[in-house]
Amino acid sequence: MKSLGSIRRSFAPWTDPSAKPYIVFENVTKKFGDFTAVNNLSLTIYEKEFFALLGASGCGKSTLLRMLAGFDEPTSGRILLDGQDMRGIPPYRRPVNMMFQSYALFPHMTVEQNIAFGLKQEGMPKAEIDRRVADMLKLVKLEQFAKRKPHQLSGGQRQRVALARSVAKRPKVLLLDEPLGALDKKLREETQFELMDLQQNLGLTFVVVTHDQEEAMTMADRIAILDKGEVMQVATPAEVYEAPASRFVAGFVGNVNMFEGKVAARDDHTARITGASGAEIVVENAGDAVAGDTVAFAIRPEKIKVTSRRPEEAVNAMEGEVFDLAYLGDMTVYYVKLSDGQMVKASALNSARITEDALSWNDRAWISFKPDAGVVLTR
Ligand code: ATP
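Residues numbered from 1 in each chain as written. Predicted model: local features only at pLDDT ≥ 70, side-chain atom pairs only at ≥ 80, totals over all residues. Heavy atoms only, no water.

A. Up close: the domain arrangement of the protein chain. According to the domain assignment, the protein chain contains domain 1 (13-248) and domain 2 (255-377). Placing a centre on the C-alpha atoms of domain 1 and another on those of domain 2 gives a separation of 39 Å. On the domain 2 side, the residues contacting the 8 residues of domain 1 number 10 residues. Counting each side, the surface lost to burial between domain 1 and domain 2 is near 700 Å², with a carbon and sulfur contribution of 47%. Taken together, the connections running from domain 1 to domain 2 amount to 4 residue pairs in polar contact (both at pLDDT 80 or more). Here the side of domain 1 that touches domain 2 gets 3 residues from one element, more than from any other, and that element is helix 8 (residues 237-242). Here the residues of the side of domain 1 that touches domain 2 sort into 5 nonpolar, 1 polar and 2 charged. (Domains from an automatic or database assignment. Contact = heavy atoms within 4.5 Å. Buried area = accessible area lost by both parts, 1.4 Å probe. Polar contact = N/O pair within 3.5 Å; in protein donor to acceptor, adjacent residues only side chain to side chain. Helix = DSSP H or I, 4+ residues; strand = E, 2+ residues; numbered from the N terminus. Nonpolar A, V, L, I, M, F, W, Y, C, P; charged D, E, K, R; others polar.)

Below is the structure:
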């Protein structure tokens, strides 16, 4: 059997020009009075994709979900589902189900009654409902809790009931608004993997709204990063982290150091960037930056080495002083203040018990990195 990891790695329909997206947002704008919550946004999502909408509070994530579910209509633009324009189609006639932030379980009903509710409303025969509910209970591992009421369950168990209820009707698309928001950190992490398994086993398309970048990175095939109703980047978690499209995305996802400067020279392979203090950085991932451009060089803390002496081989080496450091057990985080005053964050894995080149507060230190360790951002 293929592992979940290898299945996910080979799933990339967005790289296939002949693949047809299942959900299409086409120049969608949503206004509330004068306020534009979603601004001319276009986005495509593929069948069986686990897609995350990530952004700060108020960026328009929930508005997008609500329009997809049919609770709101776009002010302009179109939403297509399986090729069909959704305008005017009520929520219950869309192949979509939505799981809300609050779960909204019926408190007076047992777990199995909660799961059966939507199926009964649809008029499904009783024997079939019983079979479907049993399947769902098994799927979310709550067989022995079937007769309990919601208040007799833990937060994580309630979340699983809500999930079972949302997928019982076998929607093609499940929309989840902050599905793990009510859970504590440890339970969240466990439940993330359960959600991924469930999505995979049922072959559903998931669109998840979250403001938690780690959650999006863990679960999603692709992430759309939103800001003020616009898409900043759509990419896989690894691309978003290693090749952010803009300063905003680089700063939003994970920790990053930014060196502002100008492109002094550029050829096919490398670019030289000169900072305000005259320090020069040689980079390989310069994208479409050309000589003269004002750019930022973005580099993650784990890509920077900190040493007490100037490294011999490194092209990019800068001297400074250890301003602060934090020993976190598995790694040490250094804050090195460069001679021009810029603070640089670097992290080193503590793979050996004793570090040979131990550094302490106020020590002189060198930071260094390879030319391909970061990216040049023009936006
Ligand atoms: P959060 O993470 O806080 O839920 P969000 O990204 O989901 O935020 P939305 O709920 O989509 O944000 O809201 C986007 C913007 O639109 C917000 O500024 C919000 O105040 C505004 N908004 C949403 N619904 C309405 C409404 N019915 N009337 C007026 N403004 C609204």
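Continuing now.
B. Layout of the sheet that holds strand 20 (residues 374-377). Here we have 5 strands laid out as an open sheet, ordered 13-12-11-14-20, and antiparallel in their pairing. Lying at the two open borders of the sheet, with one neighbouring strand each, are strand 13 (280-283) and strand 20. Pairwise comparison of adjacent strand axes, ignoring direction, gives a mean angle of 40° for this sheet. As paired strands, strand 11 (residues 257-266) and strand 14 (residues 294-299) are joined by 6 bridges and run antiparallel to one another. If you follow Phe259 over to strand 14, its bridge partner there is Phe297. (Pairing = 2+ DSSP bridges. Axes fitted to C-alpha atoms, helices over the stretch in contact; angles between N-to-C directions.)

C. Region of interest: the site of the ligand. Residues in contact with the ligand, as listed here, are Phe32, Phe35, Ala37, Ala56, Ser57, Gly58, Cys59, Gly60, Lys61, Ser62 and Thr63. Within the side chain of Ser57, an N or O atom sits 2.5 Å from an oxygen atom of the ligand. Contact distances for the ligand include 2.8 Å between an oxygen atom and a side-chain N or O atom of Lys61. When the ligand sits alone it has 640 Å² of accessible area, and the protein chains cover 58% of it. Mapped by element, the contributors of at least two residues to the shell around the ligand are strand 2 (35-45) and helix 2 (61-69). Broken down by element, the shell around the ligand gets its largest block of residues, 3 residues, from helix 2. (Near = heavy atom within 4 Å. Areas by Shrake-Rupley, 256 points an atom, 1.4 Å probe, with all protein chains shown as cover.)

D. Expanded view of the packing of aromatic side chains. Per the counting criterion, the structure on display carries 7 aromatic pairs. Aromatic pair Phe11 and Trp14: ring centres 5.9 Å apart, planes at 80°, arrangement edge-to-face. Relative accessible area serves as the criterion here: at 22%, Phe11 is assigned to the partly exposed category. Under the relative-accessibility criterion, Trp14 is labelled partly exposed at 22%. Here a set of aromatic residues connected by ring pairs shows up, and it is made of Phe259, Phe297 and Phe369. Positioned above the aromatic ring of Tyr241, the side-chain terminus of Arg300 is 4.0 Å from the ring centre. (Phe/Tyr/Trp six-rings, centres within 6.5 Å; stacked < 30°, edge-to-face > 60°. Buried < 20%, exposed > 50% of the residue type's maximum accessible area, 1.4 Å probe, protein only. Lys NZ or Arg CZ within 6 Å of the ring centre and 35° of its normal.)

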